[in-house]
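# Structure assessment
These are the residues of each chain, in order.
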Amino acid sequence: MTPPPAGPRYAEASIADVLPSVLSALGVGTANPTIRLPEVPRTCLLLIDGMGFHLLHEHADLAPTLVELARPEPLDAAVPTTTATSLASLSTGLPPGEHGLLGATVALPDDDRPMSLLRWKLAGVGPEVSLEEVQPPERFQPRPTLMERAAGAGLEPVTVGPRDHAGSGLQRATLRGGTHVGADSPAELIHAVPDLLSERERRLVYAYHGALDLAGHVHGIDSDEWREELAAADRLVAGLAARLPAGASLVVIADHGMVDVAEEDQIEVADTPHLLDDVRVLAGEPRLRHVHTHDDRSARDVVGRWQQELADRCWVLGRDDAIRAGWFGGDVTDTARSRIGDVVVAARSPVVIVQKTVDPRQRELVGHHGSLTDAERHIPLALATHL
């Protein structure tokens, strides 16, 4: 089997290092900020979902503003390379092994359906079950957020993004500490963000734009729809940069990249039933599966079966080996450890592992992410400042 890649550069050049560095530039002391940013009293941190570093530069003609503002070297997303995990690392300044949001879905101890962190409900086929009462977001992810720290330092932080994000489980788990302002389109973001920055002498604004990621999932990164959304994201950045008030910065980041996967490269576990022998539940991402088994002996057998079947297309590691590789950071809490699969399967070629009996919608998607390939893990950082 091809040796597994090293984990992200946590505490050096990862998404977990962005917001501590932003707060340091705003005059709020944080430990060892690793990204040098201009010292200004007001900053907007804009996250463009799904905008991988390599995809951006491969389509430089569609995004001239972003390419001009982007730093030459990429940062690393968190692992799995997905929104819930990277957003939690961004908002806490911690690797996934400490905040515990280990994928778009995570396994629960007593359920054969995983939990969707994006919806805070049981995932997949079956009754729609909200988990906000039995899995309160503030307990599921109890580490303090940097928005809370910003609020304590008098920055009056604000989050700006889709109206239906307000009060959601993921918002409470990751971005609690700021007030939310609804903005469902680039035009609303361009209108709201500069005014919010101008309202206070010192302020942190976090803004989110998700249309590029959606276009990639539905149509693929080799589609006209995706290209149109990248151009729209570039116009959004240009519009915000042009309206920055004096003494403000715009920091643009992404949460992961994306790859296209052809229908014939979907690995349906129901078509290879021995892969599910001794397996309790699959969680994580189609490109990075947390495979939870019934016991330790089962885990050893499952590693062998999955390696025999998939070693030419995936890295297949036992939990301890994935942790030692640094995929989830240097420290892994007991809680986070329980959410990492007994076996971790990460795609290294353009394949996905899907399970139609749990989540048939995954089979309809073209663009995917979650693994540790450069296309998925490398993300850009762009900066505009009005001194």
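Structural notes, computed from the coordinates. This structure is a prediction, so every number in the text was calculated from the model and none was measured. (Residues numbered from 1 in each chain as written. Predicted model: local features only at pLDDT ≥ 70, side-chain atom pairs only at ≥ 80, totals over all residues. Heavy atoms only, no water.)

### A closer look at the overall build of the chain
The line we're drawing: For the purposes of this entry, the term helix denotes a DSSP run of H or I that reaches at least four residues, the term strand denotes a run of E that reaches at least two, and both are numbered from the N terminus. Here the accessible surface of atoms and residues is derived via Shrake-Rupley with a 1.4 Å probe, and residues count as covered only by protein chains that are part of the display. For this count, His and the chain ends are skipped, Lys and Arg are scored as positive, and Asp and Glu as negative. Charged side chains are reduced to one point each, which is NZ for Lys, CZ for Arg, CG for Asp and CD for Glu.
Along the backbone of the chain there are 15 helices and 19 strands. For the chain, the spread of C-alpha atoms along the principal axes amounts to about 60 × 40 × 40 Å. When the accessible surface of the chain is totalled, it reaches about 15000 Å², and 49% of it is carbon and sulfur. Positive and negative side-chain charges of the chain, numbering 35 and 56 respectively, have mean locations separated by a distance of 5 Å.

### Notes on the packing of aromatic side chains
We count it as follows: In summary, the pairing rule links any two rings of Phe, Tyr or Trp, Trp by its six-membered ring, whose centres are within 6.5 Å, and it sorts them by plane angle into stacked for under 30 degrees, edge-to-face for over 60 and tilted for everything else. Throughout this description, the term charge over a ring refers to an Arg CZ or Lys NZ atom that lies within 6 Å of the ring centre and within 35 degrees of the ring normal.
Counted by the stated rule, this structure contains one aromatic pair. Centroid distance Trp120 to Phe140: 5.4 Å. Interplanar angle 80°. Geometry classified as edge-to-face. Of this pair, Trp120 sits in the loop between strand S4 (115–116) and strand S5 (121–122) while Phe140 sits in helix H6 (residues 137–140), placing them 20 residues apart in sequence. Over the ring of Phe140 we find Arg339; its NZ or CZ atom is 3.6 Å from the centre of that ring.

### Re the pairing of strand S8 (residues 203–209)
Each regular strand carries side chains that alternate between the two faces of the sheet. We apply this condition: A 1.4 Å probe rolled over the protein chains alone gives each residue an accessible area, and that area as a share of the maximum for its type sets the label: buried under 20%, exposed over 50%, partly exposed in between. By the convention used here, strands pair only if DSSP detects at least 2 bridges between them.
Across the seven residues that make up S8, a large majority, seven, are buried. Burial along S8 is two-sided: the residues Arg203, Val205, Ala207 and His209 and Leu204, Tyr206 and Tyr208 are all buried. Note that strand S1 (residues 42–48) and S8 share seven bridges and pair parallel. Note that in S8 the partner of Cys44 across the bridge is Val205. Two strands pair when backbone bridges link them, and strand S6 (residues 158–161) and S8 are joined in this way by three bridges, in the parallel orientation. Residue pairing for S8: Val158 is matched across the bridge by Val205.

### Description of the nonpolar core
The criterion, for reference: What we call a nonpolar core is a set of buried Ala, Val, Leu, Ile, Met, Phe, Trp, Tyr and Cys residues that are connected through their side-chain atoms within 4.5 Å.
With 94 residues, the main nonpolar core has Leu46, Val160 and Trp327 as its most contacted residues. Looking at this core element by element, the count peaks at six residues for helix H11 (residues 224–242). Counting residues in each nonpolar core, the second largest holds 17 residues, with Leu275, Val302, Val303 and Leu310 among its members.

### Here's the deal with the environment of Leu23
Its place among the elements puts Leu23 in helix H1 (residues 18–25). Judged by relative accessible area, which is 0%, Leu23 ranks as buried. Placed 58 residues apart in sequence, Leu23 and Thr81 show a C-alpha to C-alpha distance of 24 Å.

### Some thoughts on the sheet that holds strand S9 (residues 248–253)
What counts, and what does not: What counts as an axis is a line fitted to C-alpha atoms, over the stretch in contact for a helix, and the angles between N-to-C directions run from 0 to 180 degrees.
Spatial strand order, S7-S6-S8-S1-S9-S19: six strands in an open sheet with mixed pairing. Two strands in the sheet have a free side with no partner beyond their single neighbour: strand S7 (179–182) and strand S19 (381–386). Strand-to-strand twist in this sheet, taken as the mean axis angle between neighbours without regard to direction, amounts to 20°. Of the strand pairs in this sheet, S1 and S9 are connected by six bridges, and their pairing is parallel. By the bridge assignment for S9, Leu47 is matched with Ile253.

### Brief notes about the side chain of Ser21
What counts is decided by this rule: The term polar contact refers here to a pair of N or O atoms within 3.5 Å; inside protein, the definition further demands a hydrogen-donor-capable atom paired with an acceptor-capable atom, and it admits residues adjacent in sequence only when both atoms are side-chain atoms. Every residue pair with non-hydrogen atoms within 4.5 Å of one another is taken to be in contact.
The topology assignment puts Ser21 in helix H1. At 3.1 Å, the side chain of Ser21 forms a polar contact with the backbone nitrogen of Ile35. Leave out the neighbours within four places in its chain, and Ser21 touches Pro33, Thr34, Ile35 and Leu37.

### Brief notes about the packing of helix H9 (residues 186–199) against H11
Let me state the cut-off plainly: For this classification, under 35 degrees means roughly parallel, over 145 means roughly antiparallel, 65 to 115 means roughly perpendicular, and everything else is oblique. Each helix crossing is assigned a hand: it is left-handed if the near helix lies turned anticlockwise from the far helix by less than a right angle, otherwise right-handed if that turn is clockwise. Polar here means any residue other than Ala, Val, Leu, Ile, Met, Phe, Trp, Tyr, Cys and Pro, which are nonpolar, and Asp, Glu, Lys and Arg, which are charged; Gly is therefore polar.
Interhelical geometry of H9 versus H11 gives an angle of 20° and a closest axis separation of 9 Å. Here H9 is positioned roughly parallel relative to H11, judged by the angle of their axes. Classified by chirality, the crossing of H11 by H9 is right-handed. Along the contact surface, H9 presents Pro186, Leu189, Ile190, Val193 and Pro194, while H11 presents Arg235, Leu236, Gly239 and Leu240. Of the residues in the contact of H9 with H11, the class split is seven nonpolar, one polar and one charged.

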